[in-house]
Amino acid sequence: MWVSIFIARDEAQCDEIMNKLDSAGIMNRVRPGADKKKGRQIEVQVMEQDAADAQDALFI
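Residues numbered from 1 in each chain as written. Predicted model: local features only at pLDDT ≥ 70, side-chain atom pairs only at ≥ 80, totals over all residues. Heavy atoms only, no water.

(A) Geometry of the side chain of Gln-13. One can find Gln-13 in helix α1 (residues 11–23). We classify Gln-13 as buried; its relative accessible area is 16%. When near neighbours in sequence (up to four residues on either side) are disregarded, Gln-13 contacts Phe-6, Ile-7 and Ala-8. (Helix = DSSP H or I, 4+ residues; strand = E, 2+ residues; numbered from the N terminus. Buried < 20%, exposed > 50% of the residue type's maximum accessible area, 1.4 Å probe, protein only. Contact = heavy atoms within 4.5 Å.)

See below:
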């Protein structure tokens, strides 16, 4: 199952996060966020079993 690990505020931030995940060898995908009031938000998702590794790759 896919889980959201990051909500990007724009496409540039989304691309940066996805590139870090790709470099770490973690499969990822995006989907549109739900909050229309704050502008375009993008959810970055990974497979549930990779979530902890993805967080480590992003926030070290």
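Structure shown, so let's carry the discussion forward.
(B) Region of interest: the nonpolar core. Within the largest apolar cluster, 13 residues are counted, with the highest numbers of intra-cluster contacts made by Ile-5, Phe-6, Ile-17, Leu-21, Val-44, Val-46 and Ala-54. When residues of this core are traced back to their parent elements, those giving at least two are β1 (2–8), α1, β3 (42–47) and α2 (51–58). Residues within four places of Val-46 in sequence aside, it is in contact with Met-1, Trp-2, Val-3, Ile-5, Leu-21, Ile-26, Met-27, Asn-28, Ala-51 and Ala-54. (Core = buried A, V, L, I, M, F, W, Y, C linked by side-chain atoms within 4.5 Å.)

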